[in-house]
Amino acid sequence: MDGVLSQEEINALLNNTNDSDSGASDNPNKLTNDEKDAIGEIANISMGTAATTLFSLVNQKVEISTPVVTDCRWEDITSAYERPCVFIRIAYTVGLNGSNIMVLKESDVKIITDLMMGGDGTNTEGELGELHLSAISEAMNQMMGSSATSLSGMLSKTIDISPPQADLVDMTDGIDEGSIDEFLSGDFVRITFRMEIGDLVDSEIMQLYPYDFVREMTSTVMNNMKKDATDAQAGPAESAPAQQSAQAAAEPAEAASAGMMGTQPMMGQPMGVPMMDPSMMGQPVNVQQAQFSPFMGDFSAVFAKENIDLIMDVPLDVTVELGRTSKSISEILEFAPGTIIELNKLAGEPIDILVNGKYVAKGEVVVIEENFGVRITDIVK
């Protein structure tokens, strides 16, 4: 309270500083600044696409912040992240060889699951079960599938993933061998995002990558950028000789044309208007009247071969209308068993037959054994 640190607090600060320094020096896989920028850009584009997909699943505004790339160890996650949490493993099967892990908070998974099932995101009571894990796996399957499509454009090759696998992990017990990738036992890359879903979620999510997988992606992106820059520089250099040769070929033609036509415009020729070649003047020009096809003829043959068999099995509602009338609300409230309602049809008058609400025929009521039927007497044209 007096602002003076105790000896224990001073020792703790010194130990943390020494630990962080030794951890940094003991990590030979640390990313360079260029590699961090490259993987950060890859993650930014990929998660931006994934956020759009998540919006369509939960029908809520989804925002994901700019990623932060850091070198990390398992102890860094367990000391700073909520426990337990959900680990979702995304394995790449085509184009890339490796996997990464998405880490979400348990409460966030419950909210996303409730929204996917049509709820308002507030039904988060109870323990996280198989239903939640299956729902978040399906959400990640669609999100990371769209992310893989964006990644394909950046890496200039086809990228595909296997169905994600979600597990509830209690990080207090350390790494559970067999359920989590082995790369988490050493140094790895952590990419953190701030995710907001409407007014329901505002928390941090993480992506964990092994170093070799990150370097595979970043090296491909950097090589593509260098190739594009080389092609951009080679393009103008290659087109310059062609432009020079075209210009050299055009100069004699322009000189010949200037010698033939002169430098002054012809009398009556306005400035800036192309002048007619004198060699063409006085020659007859063949002019013909345009011929157009008449808008007549029988087009029924064009529609004669319609394949109506394709819709033969489509069901339609057939309605037989005996008659209609209009009543006020007070008259309807007076209805009782035995009340007779007079219709707008006379006795013996043909009844109307409607197909999907469209008037198509007239008929008369008949009795077939114990059922009523309608005999069609006239088809409406």
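Residues numbered from 1 in each chain as written. Predicted model: local features only at pLDDT ≥ 70, side-chain atom pairs only at ≥ 80, totals over all residues. Heavy atoms only, no water.

1. As for the overall build of the protein chain
Each helix and strand in the protein chain was counted, giving 7 helices and 12 strands. Residues classed as buried in the protein chain amount to 29% of the 381 residues present. A fraction of 62% describes how many contacts in the protein chain between residues 6 or more apart in sequence connect residues 24 or more apart. Only carbon and sulfur atoms are counted for the fraction: they give 54% of the accessible area of the protein chain, which is about 25,800 Å². (Helix = DSSP H or I, 4+ residues; strand = E, 2+ residues; numbered from the N terminus. Buried < 20%, exposed > 50% of the residue type's maximum accessible area, 1.4 Å probe, protein only. Contact = heavy atoms within 4.5 Å. Areas by Shrake-Rupley, 256 points an atom, 1.4 Å probe, with all protein chains shown as cover.)

2. Some remarks on the sheet that holds strand β12 (residues 371-379)
Pairing within the open sheet is antiparallel, and its 4 strands lie in the order β9-β10-β11-β12. Each of the sheet's edge strands pairs with one partner strand only, and the pair in question is β9 (318-321) and β12. Neighbour-to-neighbour, the strand axes of this sheet turn through a mean angle of 40 degrees, independent of strand direction. (Pairing = 2+ DSSP bridges. Axes fitted to C-alpha atoms, helices over the stretch in contact; angles between N-to-C directions.)

3. With respect to the side chain of threonine 113
Its location among the elements puts threonine 113 in helix α4 (residues 106-116). Under the relative-accessibility criterion, threonine 113 is labelled buried at 2%.

4. Some points on the environment of methionine 47
You can see methionine 47 is positioned in helix α2 (residues 33-58). Distance from methionine 47 to alanine 148, taken between C-alpha atoms, is 10.0 Å for residues 101 residues apart in sequence. Contacts of methionine 47, omitting those with residues within four sequence positions, involve Ile64, Met102, Phe193, Ile205 and Gln207.

5. Topic: α4
The buried fraction of α4 is high, at 9 of 11 residues. Every buried residue belonging to α4 is among Glu106, Asp108, Val109, Lys110, Ile111, Ile112, Thr113, Asp114 and Leu115, and all of these are buried. In the segment just after α4, glycine 118 is the residue with positive phi, at about 90 degrees.

6. Some details on the packing of aromatic side chains
Aromatic rings in a pair are described by how distant their centres are and how their planes are angled relative to each other. What the rule picks out here adds up to 4 aromatic pairs. Judged by centre distance (5.3 Å) and plane angle (55 degrees), the rings of tyrosine 92 and phenylalanine 213 are tilted. Residue tyrosine 92 is found in strand β3 (residues 85-94), and its partner phenylalanine 213 is found in helix α6 (residues 211-261); the two are separated by 121 residues along the sequence. In this pair, the class of tyrosine 92 matches that of phenylalanine 213, namely buried. These aromatic residues form a ring-pair network of at least three members: Tyr92, Tyr209 and Phe213. (Phe/Tyr/Trp six-rings, centres within 6.5 Å; stacked < 30°, edge-to-face > 60°.)

7. As for the layout of surface pockets
The volume enclosed by the second largest pocket comes to roughly 200 Å³. Lining of the second largest pocket is provided by Asp34, Asp37, Ala38, Glu41, Ile42, Met154, Ser156, Val221, Met222, Asn224, Met225 and Asp228. The class makeup of the residues in the lining of the second largest pocket is 6 nonpolar, 2 polar and 4 charged. (1 Å grid on protein atoms, 1.4 Å probe; cavity = no way out; pocket = protein on both sides within 12 Å on 5 of 7 lines; lining within 4 Å. Points joined across faces, edges and corners; volume = space filled by probe spheres on them. Nonpolar A, V, L, I, M, F, W, Y, C, P; charged D, E, K, R; others polar.)

8. Observations concerning the pairing of strand β7 (residues 188-197)
Of all 10 residues in β7, 8 are buried, a share of seventy percent or more. Pairing analysis gives 3 bridges linking strand β1 (residues 62-64) to β7, with the strands arranged antiparallel. Bridge pairing in β7 places isoleucine 64 opposite methionine 195. Pairing geometry for strand β2 (residues 68-72) and β7, over 5 bridges, is antiparallel. Looking across to β7, one finds that cysteine 72 is bridged to phenylalanine 188. As paired strands, β7 and strand β8 (residues 201-209) are joined by 9 bridges and run antiparallel to one another. Bridge pairing links glutamate 196 to aspartate 202 in β8.

9. Considering a nonpolar patch on the surface
Taken together, Leu322, Ile332, Phe335, Ile341, Leu343, Val365, Val367 and Phe372 make up a surface patch of nonpolar side chains, about 770 Å² in accessible area. Note that phenylalanine 372 resides in strand β12. (Patch = residues over 30% accessible without salt bridge, like charges linked within 9 Å, V, L, I, M, F, W, Y side chains within 5 Å. Salt bridge = Lys/Arg side-chain N within 4 Å of Asp/Glu carboxyl O.)

10. Comments concerning the packing of α2 against α4
Two elements in contact, α2 and α4, have axes separated by 8 Å at closest approach and are oriented at 55 degrees. Here α4 runs oblique to α2, going by the angle between their axes. Taking contact as the criterion, the partners of Leu54, Leu57 and Val58 in α2 are, on α4, Ile112, Leu115 and Met116. For the contact of α2 with α4, a count of residues per class yields 6 nonpolar, no polar and no charged. (Parallel < 35°, antiparallel > 145°, perpendicular 65-115°, else oblique.)

11. Remarks on the confidence of the model for the protein chain
Atom-level detail of predicted coordinates should not be read off regions where pLDDT is low. Per-residue confidence for the protein chain gives a mean pLDDT of 77; residues scoring 70 or more make up 71%. Ranking the helices and strands of the protein chain by mean pLDDT puts β7 first, with 92, and helix α1 (residues 7-25) last, with 51. Counting contacts from residues 255-273, a segment whose pLDDT is below 50, to residues more than four positions away or on other chains yields 11 contacts. Between residues 299-305, whose pLDDT stays under 50, and residues either more than four places distant or in other chains, the model counts 0 contacts. (pLDDT = per-residue confidence, 0-100.)

12. Brief notes about the pattern of salt bridges
Across all of its chains, the model carries 11 salt bridges by this definition. Of the charged contacts, one joins glutamate 35 and arginine 215 as a salt bridge, the two residues approaching to 3.3 Å between their closest N and O atoms. Separated by 180 residues along the polypeptide, glutamate 35 in helix α2 and arginine 215 in helix α6 bring together distant segments of the chain. Residue arginine 215 is classed as partly exposed on the basis of its relative accessible area, which comes to 26%. Salt bridges here are not isolated pairs; linked through shared partners, they connect Arg73, Glu75 and Asp187.

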